[in-house]
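Residues per chain, in single letters:
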Amino acid sequence: VILVGNLLIIALILSHRDLHRPMYFFLCNLSSLEIFIATCIIPKTVASLLMGSKAISYPACLTQLHFFTFLGVIEFVLLAVMSYERYVAICYPLQYPMLMNSQLCVQLLLGSWTAGFPATIVPTVLVVRLPFCNDNRIDHFFCEGMLLIKLSCADTRTVELINFMNAFTILFGSLVMSAISYLYIINTILRLPSALSRNKAFSTCSSHFTIVILGYGSCIFQYVQPSSHHTSYYKMVALLNTVVTPLMSPFIFSLRNEQMK
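Criteria and thresholds
- Residues numbered from 1 in each chain as written.
- Predicted model: local features only at pLDDT ≥ 70, side-chain atom pairs only at ≥ 80, totals over all residues.
- Heavy atoms only, no water.
- UniProt positions renumbered as here; feature names shortened; annotations may be inferred.
- Helix = DSSP H or I, 4+ residues; strand = E, 2+ residues; numbered from the N terminus.
- Rg over C-alpha atoms; globule rule 2.2 N^0.38 Å.
- Buried < 20%, exposed > 50% of the residue type's maximum accessible area, 1.4 Å probe, protein only.
- Contact = heavy atoms within 4.5 Å.
- Areas by Shrake-Rupley, 256 points an atom, 1.4 Å probe, with all protein chains shown as cover.
- Lys, Arg positive; Asp, Glu negative; His and termini not counted.
- Charge placed at Lys NZ, Arg CZ, Asp CG, Glu CD.
- Disulfide = S-S within 2.5 Å.
- Patch = residues over 30% accessible without salt bridge, like charges linked within 9 Å, V, L, I, M, F, W, Y side chains within 5 Å.
- Salt bridge = Lys/Arg side-chain N within 4 Å of Asp/Glu carboxyl O.
- Phe/Tyr/Trp six-rings, centres within 6.5 Å; stacked < 30°, edge-to-face > 60°.
- Expected span 1.5 Å × (residues − 1).
- Polar contact = N/O pair within 3.5 Å; in protein donor to acceptor, adjacent residues only side chain to side chain.
- Axes fitted to C-alpha atoms, helices over the stretch in contact; angles between N-to-C directions.
- Parallel < 35°, antiparallel > 145°, perpendicular 65-115°, else oblique.
- Left-handed = near helix turned anticlockwise from the far one by under 90°.
- Nonpolar A, V, L, I, M, F, W, Y, C, P; charged D, E, K, R; others polar.

Named according to an unreviewed UniProt entry, the protein chain is Olfactory receptor 287-like originating from Apteryx mantelli. Per its UniProt entry, the protein chain bears the Subcellular location (unreviewed entry) comment "Cell membrane".

Draft legend 1. Expanded view of the overall build of the protein chain. Regarding its fold elements, the protein chain presents 9 helices and 0 strands. For the protein chain, the N- to C-terminal ordering of α and β elements is α-α-α-α-α-α-α-α-α. A globule of 261 residues ought to have a C-alpha radius of gyration of about 18 Å, and the protein chain, at 20 Å, matches this closely. In terms of overall dimensions, the protein chain has C-alpha extents of about 65 × 35 × 35 Å along its principal axes. Here the protein chain holds 261 residues, and 44% of them are scored as buried. Long-range contacts, defined here as pairs at least 24 residues apart, represent 73% of the contacts in the protein chain between residues at least 6 apart. Total accessible area on the protein chain stands at roughly 14000 Å², and carbon and sulfur atoms take up 69% of it. Considering the protein chain, the positive charge centre built from 15 side chains and the negative charge centre built from 10 side chains are found 6 Å apart.

Draft legend 2. Highlighting the UniProt feature "transmembrane region" (unreviewed entry) in the protein chain. As recorded in UniProt, the sites labelled "transmembrane region" (unreviewed entry) are residues 24-45, 65-84, 104-128, 167-190, 202-224 and 236-255. Here residues 65-84 runs as 100% helix and 0% strand, with 29 Å between its end C-alpha atoms.

Draft legend 3. View of the state of the cysteines. For the coordinates displayed, the defined rule picks out 1 disulfide. Between the sulfur atoms of cysteine 61 and its disulfide partner cysteine 143 the distance amounts to 2.0 Å. Measuring the twist about the S-S bond at about -125 degrees, one finds the cysteine 61-cysteine 143 disulfide to be left-handed. Taken together, the residues span a long stretch of sequence, with cysteine 61 in helix 3 (residues 58-91) and cysteine 143 in the loop between helix 5 (102-128) and helix 6 (145-150) at a distance of 82 residues. Residue classification places cysteine 143 among the buried residues on the basis of a relative accessible area of 3%.

Draft legend 4. Just a nonpolar patch on the surface, in detail. Together, Val1, Val244, Met248, Phe251 and Leu255 line one region of the surface with nonpolar side chains, adding up to about 450 Å² of accessible area. Here methionine 248 falls in the partly exposed class, since its relative accessible area comes to 34%.

Draft legend 5. Spotlight on the packing of aromatic side chains. Under the counting rule described, the total for this entry stands at 11 aromatic pairs. With centroids separated by 6.1 Å and ring planes inclined at 40 degrees, the aromatic side chains of tyrosine 84 and tyrosine 87 adopt a geometry described as tilted. Here tyrosine 84 and its partner tyrosine 87 are both found in helix 3, 3 residues apart, which amounts to about one turn of the helix. Note on tyrosine 87: relative accessible area 17%, which makes it buried.

Draft legend 6. Highlighting helix 3. The terminal C-alpha atoms of helix 3 lie 50 Å apart, and with 34 residues this matches the ideal 50 Å at 1.5 Å per residue to within 8%. In terms of residue burial, helix 3 counts as a mostly covered element, since 27 of its 34 residues are buried. Where helix 3 begins, the capping side chain belongs to serine 57, and its oxygen is found 3.2 Å from the backbone nitrogen of alanine 60.

Draft legend 7. Representation of the environment of leucine 30. Structurally, leucine 30 can be placed in helix 2 (residues 22-51). As a C-alpha pair, leucine 30 and proline 246 span 216 residues in sequence and 9.7 Å in three-dimensional space. Once residues within four sequence positions are removed from consideration, leucine 30 is found in contact with Glu75, Leu78, Leu79, Met82 and Phe253.

Draft legend 8. Focus on the side chain of serine 31. Locating serine 31 in the fold gives a position in helix 2. Setting aside residues no more than four positions away along its own chain, serine 31 makes contact with Asn6, Ile9 and Ile10.

Draft legend 9. The packing of helix 5 against helix 7 (residues 157-190), seen in detail. The N-to-C vectors of helix 5 and helix 7 enclose an angle of 165 degrees; their axes lie 10 Å apart at closest approach. By the criterion of interaxial angle, the relationship of helix 5 to helix 7 is roughly antiparallel. Here the hand of the crossing between helix 5 and helix 7 comes out left-handed. Residues Ala119, Val122, Pro123 and Leu126 of helix 5 touch helix 7, and the partners they reach there are Val159, Ile162, Asn163, Asn166 and Ile170. Classifying every residue of the contact of helix 5 with helix 7 by side-chain character gives 7 nonpolar, 2 polar and no charged.

Right, here's the structure in full:
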């Protein structure tokens with residue numbers, strides 16, 4: 001369902017000239033990221049459930065960890081970019097075609113992908129350099145960074161602190177940008193004289209706002225918390241972030257958008 005739903009959104013946007021606009025350009029890239037993230041986690045998880053073998057090699061584990069982190073960082077930066085695009089569209093509608101031109105859209109997208117490299121290279125290198133000599137079992141359905149660090153027999157406090165600061169910077173940095181954009185958006189919408197105009201403006205933002213809440217809420221709970229205890233609730237939150245959000249995205253963006261319908 002994740003693959004079909006997101007591929008349909010990509011195909012729809014690419015094949016209809018009416019959807020060749022900045023909002024749908026970023027949505028197309030978001031759907032691509034949802035496919036990549038789901039493909040990074042779900043096939044191995046499903047294979048483990050069906051075949052009963054839950055083993056994963058060390059290189060495969062590191063590869064999964066790196067790409068999941070890399071794609072996750074890109075997605076959060078892209079969500080902040082999409083918030084900015086909605087801010088320009090609603091707060092500066094007359095200047096929107098000039099401000100959000102195709103060149104800027106491509107630059108913002110490339111910036112989102114570029115931001116993923118420095119945010120993931122350092123944590124991955126730090127994990128690779130750790131010695132592992134304890135129990136090799138991870139109480140999770142994929143190779144999650146903090147749990148992998150816990151398996152090391154070395155002092156991991158520095159690595160844990162760097163990972164925490166890295167997650168804090170990415171999550172709260174992009175969240176602050178999204179929050180500021182939406183504060184301006186809400187303020188502008190509430191000042192619109194027509195109720196019809198207000199409803200139309202809210203409808204164009206509601207889908208993106210829903211994904212922002214799902215994504216940020218689950219990841220902040222999962223990665224930016226001082227507690228080192230990982231319970232079944234932790235895995236449920238990870239399931240929300242890796243499966244439920246990519247599953248719901250196509251329905252949220254298509255069923256709540258008149259142009260998409």
